Amino acid sequence: MNRDYKFKKIEEKWQRIWEKEDVFKSCEDPKKNKYYCLEMYPYPSGRIHMGQVRNYAIGDVISRYMFMKGFYVLHPIGWDALGMPAENAAITEGVHPQNWTLDNISHMKRQLKRLGFSYDWSREVNTCLPEYYRWNQWIFLKMFEGGLAYRKKSWVNWCPQCQTVLANEQVIGDRCWRCDSVVKQKEMEQWFLKITDYAEELLSGHGMLEKWPENVLLMQKNWIGKSTGGHLIFPLVDYSQSIEIFTTRVDTIYGATFLVLSPEHPLSLDLIADSDQREKLQEWVEKSISERHLRRELEEAEKEGIDTGRKAVNPYTGEEIPVWIANYVLMEYGTGAIMAVPAHDQRDFEFARKYSLPIKVVIVPEGESPPEEPEEAFEGYGLVVNSGPFSGKSCQEAVEEMIKYSEEREFGRKSTIYRLRDWGISRQRYWGTPIPVIYCQNCGTVGVPYEELPVLLPYDVEFKGEEGSPLEKVESFVKTTCPKCKGEARRETDTMDTFFDSSWYHFRYTSPHEDKLPFSPQYADYWLPVDLYIGGVEHAILHLIYARFFCKFFRDFGLTLMNEPFPRLLAQGMVTRDGAKMSKSKGNVVDPDDMVEKYGADTLRLFILFASPPEKEFAWNEKGIEGCFRFLNRIWAFFIENMDIFEDETISEYEEERGRLRANRLRIIMHQTIRKVSEDIEKRYHLNTAISSIMEFFKQIKKEKQDLRRNHEGKKLLDEAMEKLILLLSPFAPHVCEELWERMGHKTFLIRTSWPSFDPRLAREEKVTIVVQINGKLRDKFEAARDLPEEQIRERTLGLSRIQNLIEEKEVKKIIYIKNRLVNIVL
């Protein structure tokens, strides 16, 4: 029998069979437990990259495991197919976005199938097809009718390279999230979604997301940015209007020595209209607005401002204080106006020093006296001083009493605000979902009737890279009839932000062929929530907040009972090479196709899961993939050599007894391995240590083989152990395992075979005490399983608080292990 592992023939064979037999097709049965495993769907850029291979391989292992555990599994895939790259290709390469996208999908689909992922392709969704984006338009109209979608003129983030608007979440620093161009400011009519209506619930809902990474929850919390404080009114001197500010530190108001407006504040230009330097001041304000993106990094930007010449009255002291306009105040936070307390806010302090404005101390640490000239702002809490009747109180007491004081005198109120802004979804591009709105001179803004959906993207469009949407120049698209009065009207030419598409695709997978609603509530209730959602941490703010918002909208609209769509999130680490993230620009990309061609899909899958825990960074290493290839070859050769295991042999009494002892030992290791691999996959997602345990189990089988063959009981156990090994390895390397399973005489697919169970008595871990030294000196110790892999011993060791304190920022030169006994850290 041929011992050579012909991976290409084997993989092609089983991929054909799986597809022909619909092995991975999902179905519903209310009497059965379900499991919905979902990886974030890809943008069809043309080729699958190694980060996606890792993402999908993780989900595939979990899905195959749950299939074998007897669950009805939904493991779908689709395409986030609208967006800028396709349109850029049209401009630079002269290929239509639709053709470019569909060709890329065709190629990437072949790549995914070649990797053997267990997707139910009958549920494939493609967001650039009318069958999908029709429902984007339906959802938008429902939001429009309910007041959640609205249009207004506003300053927006404009990317001059992409020639389109960006949501706040899509501006990283001062640059476009996609092309890294510096973002400008532009005033335009835009469509917004009122995500702020759900700000509090998006924040409080974190309590239901206990199985999300802490850093993702923190990023969302900071982005939503809840602040509790008070709104206070400062009357303007000799002016009919007042200035309202929001502050979280009402206790510092006696130290407010000036007010500051954002350049975009509605009163900014009005307050300088009567100045004899009006033109100069207006020019400064307009320049500040145009450079607004620079003020996102408030700590880094040079603080500049102008004195309006106006005064406002501090409602607590009656003191008149100057009103300034400055570039470090953002219109989108609070009211766009602040009371400046330079003694207790560092930005105000720096501004006051620069422009020689007064600094008044009103908070001191308990037991200290106010400094005559502070060298920096004291931003902490303590006792209130120099604050009239509130002096001597703690900051916390003063806040409550001062807000109550303002409410009694009707110049203030207790309030809560959020940093989160409404989501601007208008994009001045072609390759997106047309916003289903018509503008009529008689009837105003009118939604497209539902029976006329979808509003189709016209195919015959010119792509020149000019400012504005290419749709504006398509007369047959723009000119239409008002559905109300039947008069002449024009269509909206903006398209939707593509994050609209991805905010609900997980619902569509549950019933991708539903034609009456975006999805079937019945099937959504069966499959959702998603049991495990896998993707990159870079989506913490954009996609994950938007998807949570859509879920709450669907709930309020009556389409689902669910509050949160993704109760469990696995944020996988990036793939790096030579110390940097893989990217074309860095020239360090490894093509998955090349690796599959050279080593096979099973080897690539095994390596990308073995080298690092899923949530950690994965460093590409050519030697590592070669090692996994050798391991699969050894598995193959061993099984091929031992297919004759049940042939009769003459066995002596001595051999019988020796084989029995070996059998007892292997049986214990087998049950311990089944327990360890099961828990690593299902509870911890430590797929790397699961593979490590499988490798150790295989070594033990090889070691015990000869002695086990010496008696009938041993041979029976060897056969069982070999079967269990294939079952355990199959989610990671399904093709070779399926082939060996068939050659062992089995008629069922592995995915339809029960996952092996273990005897808790035999699988019980044997504990040992591991001593930890630093440079040879005893520093700590801990208990661990006898068979704990070195990687986990290292993780446990470096996680000990005492060891962390002793190491601090010192360089760890090496870590020496003496198995099951000692760890010595050399600094």
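Residues numbered from 1 in each chain as written. Predicted model: local features only at pLDDT ≥ 70, side-chain atom pairs only at ≥ 80, totals over all residues. Heavy atoms only, no water.

(A) Quick peek at the overall build of the protein chain. The helix and strand tally for the protein chain stands at 26 helices and 34 strands. Each of the three principal axes of the protein chain carries a C-alpha extent, and together these read 115 × 75 × 50 Å. Taking all 827 residues of the protein chain together, the buried fraction comes to 56%. Sequence-distant contacts, at least 24 apart, represent 73% of the contacts inside the protein chain between residues at least 6 apart. Only carbon and sulfur atoms are counted for the fraction: they give 47% of the accessible area of the protein chain, which is about 37200 Å². Of the side chains in the protein chain, 115 bear a positive and 129 a negative charge, and the two mean positions are spaced by 6 Å. (Helix = DSSP H or I, 4+ residues; strand = E, 2+ residues; numbered from the N terminus. Buried < 20%, exposed > 50% of the residue type's maximum accessible area, 1.4 Å probe, protein only. Contact = heavy atoms within 4.5 Å. Areas by Shrake-Rupley, 256 points an atom, 1.4 Å probe, with all protein chains shown as cover. Lys, Arg positive; Asp, Glu negative; His and termini not counted. Charge placed at Lys NZ, Arg CZ, Asp CG, Glu CD.)

(B) The arrangement of helix H18 (residues 601–610) in detail. In terms of burial, H18 is a largely internal element, 9 of the 10 residues being buried. For H18, every residue scored as buried is listed here: Ala601, Asp602, Thr603, Leu604, Arg605, Leu606, Phe607, Ile608 and Leu609.

(C) Highlighting the state of the cysteines. Counted by the stated rule, this structure contains 0 disulfides. Here Cys443 stays free of any disulfide, with the sulfur of Cys485 as its closest cysteine sulfur at 3.7 Å. Relative accessible area serves as the criterion here: at 28%, Cys443 is assigned to the partly exposed category. Distance from the sulfur of Cys482, which forms no disulfide, to the nearest cysteine sulfur (Cys440) is 3.7 Å. Relative accessible area serves as the criterion here: at 0%, Cys482 is assigned to the buried category. (Disulfide = S-S within 2.5 Å.)

(D) Molecular detail of the pairing of strand E10 (residues 226–235). Where E10 lies against strand E18 (residues 412–418), 7 bridges are found, and the strand directions are antiparallel. Note on E18: the bridge partner recorded for His231 is Arg413. Once E10 ends, the chain turns through 6 residues before running back antiparallel as strand E11 (residues 242–247), passing Asp238 with a positive phi of about 55°. (Pairing = 2+ DSSP bridges.)

(E) Structural context of the pairing of strand E12 (residues 258–261). Alternating residues of E12 divide into Phe258 and Val260 and Leu259 and Leu261, and every residue in both groups is buried. Bridge count between E12 and strand E15 (residues 337–340): 4 bridges; the pairing is antiparallel. Its bridge partner lying in E15, Leu259 is registered against Met339. Sheet topology places E12 next to strand E14 (residues 320–326); 3 bridges connect them, and they run parallel. Counted as the bridge partner of Leu259 is Val323 from E14.

(F) A look at the sheet that holds strand E28 (residues 575–577). Spatially, the 3 strands line up as an open sheet ordered E29-E28-E30, and their pairing is mixed. At either margin of the open sheet sits one strand with a lone partner, and together these are strand E29 (580–581) and strand E30 (618–619).

(G) Layout of the sheet that holds strand E1 (residues 34–39). Here 4 strands make up an open sheet; going across it, the order is E2-E1-E26-E27 and the pairing parallel. Sheet topology places strand E2 (72–74) and strand E27 (569–572) at the edges, where each strand pairs with a single neighbour. Each neighbouring strand pair of the sheet contributes to a mean axis angle of 20°, computed without reference to strand direction. Inspection of the sheet shows E1 paired to strand E26 (residues 532–536) by 3 bridges, in the parallel sense. Paired with Glu39 across the bridge in E26 is Ile534. Most of the contacts of helix H2 (residues 50–68) go to E1, to which it runs at about 175°, and overall it touches E1, E2, E26 and E27. (Axes fitted to C-alpha atoms, helices over the stretch in contact; angles between N-to-C directions.)

(H) Expanded view of the packing of aromatic side chains. Here the structure, examined in full by the defined rule, presents 55 aromatic pairs. Here the aromatic rings of Trp423 and Tyr546 are separated by 3.6 Å at their centres, their planes lie at 0°, and the arrangement is stacked. Remark: Tyr546 occurs in helix H16 (residues 542–557) and Trp423 occurs in strand E19 (residues 423–424); sequence separation between them is 123 residues. With a centroid separation of 5.3 Å and an interplanar angle of 65°, the aromatic rings of Phe607 and Phe618 are classed as edge-to-face. Taken together, the positions of Phe607 in helix H18 and Phe618 in strand E30 put the pair 11 residues apart, joining distant regions of the chain. Of the two residues, Phe607 and Phe618, neither departs from the other in class, the shared state being buried. In this arrangement the basic side chain of Arg419 is found over the ring face of Trp223, its NZ or CZ atom lying 4.2 Å from the centre. Over the ring of Phe477 we find Arg491; its NZ or CZ atom is 5.8 Å from the centre of that ring. (Phe/Tyr/Trp six-rings, centres within 6.5 Å; stacked < 30°, edge-to-face > 60°. Lys NZ or Arg CZ within 6 Å of the ring centre and 35° of its normal.)

(I) Molecular detail of the pattern of salt bridges. Counting across every chain of the model gives 46 salt bridges. Between Lys552 and Glu201 there is a salt bridge, with its nearest N and O atoms 3.9 Å apart. Of the two residues, Lys552 sits in helix H16 while Glu201 sits in helix H6 (residues 199–204), which places them 351 residues apart along the sequence. Classification of Glu201 by relative accessible area gives partly exposed; the value is 26%. For Glu696, the salt bridge is made with Lys699, and the minimal N-O distance between the two is 3.5 Å. Highlighted residues: Glu696 and Lys699, both in helix H21 (residues 687–708), separated by 3 residues, approximately one helical turn. Judged by relative accessible area, Glu696 falls into the partly exposed class, the value being 45%. (Salt bridge = Lys/Arg side-chain N within 4 Å of Asp/Glu carboxyl O.)

(J) Representation of the nonpolar core in the model. Ranked by internal contacts, the top residues of the largest apolar core, which has 182 residues, are Trp423 and Phe732. The greatest single-element share of this core, amounting to 11 residues, is contributed by H2. Setting aside anything within four residues of it in sequence, one finds Phe732 in contact with Val61, Asp602, Arg605, Leu606, Leu609, Ile681, Leu687, Ala690, Ile691 and Ile694. Counting 37 residues, the second largest nonpolar core, distinct from the first, contains Tyr254, Ile306, Val341 and Ile363. (Core = buried A, V, L, I, M, F, W, Y, C linked by side-chain atoms within 4.5 Å.)

(K) Spotlight on the environment of His735. Tracing the backbone through its elements, the reader meets His735 in helix H23 (residues 734–743). For the pair His735 and Trp135, spaced 600 residues apart in sequence, the C-alpha separation works out to 38 Å. Once residues lying within four places of it in the same chain are set aside, the contact partners of His735 are Ile10, Glu11, Trp14, Gln15, Trp18, Leu115, Gly116, Ala601 and Asp602. Looking at His735, its side chain comes within polar contact range of the side chain of Asp602, at 2.8 Å. (Polar contact = N/O pair within 3.5 Å; in protein donor to acceptor, adjacent residues only side chain to side chain.)

Just geometry here; none of it tells us what the structure is for.
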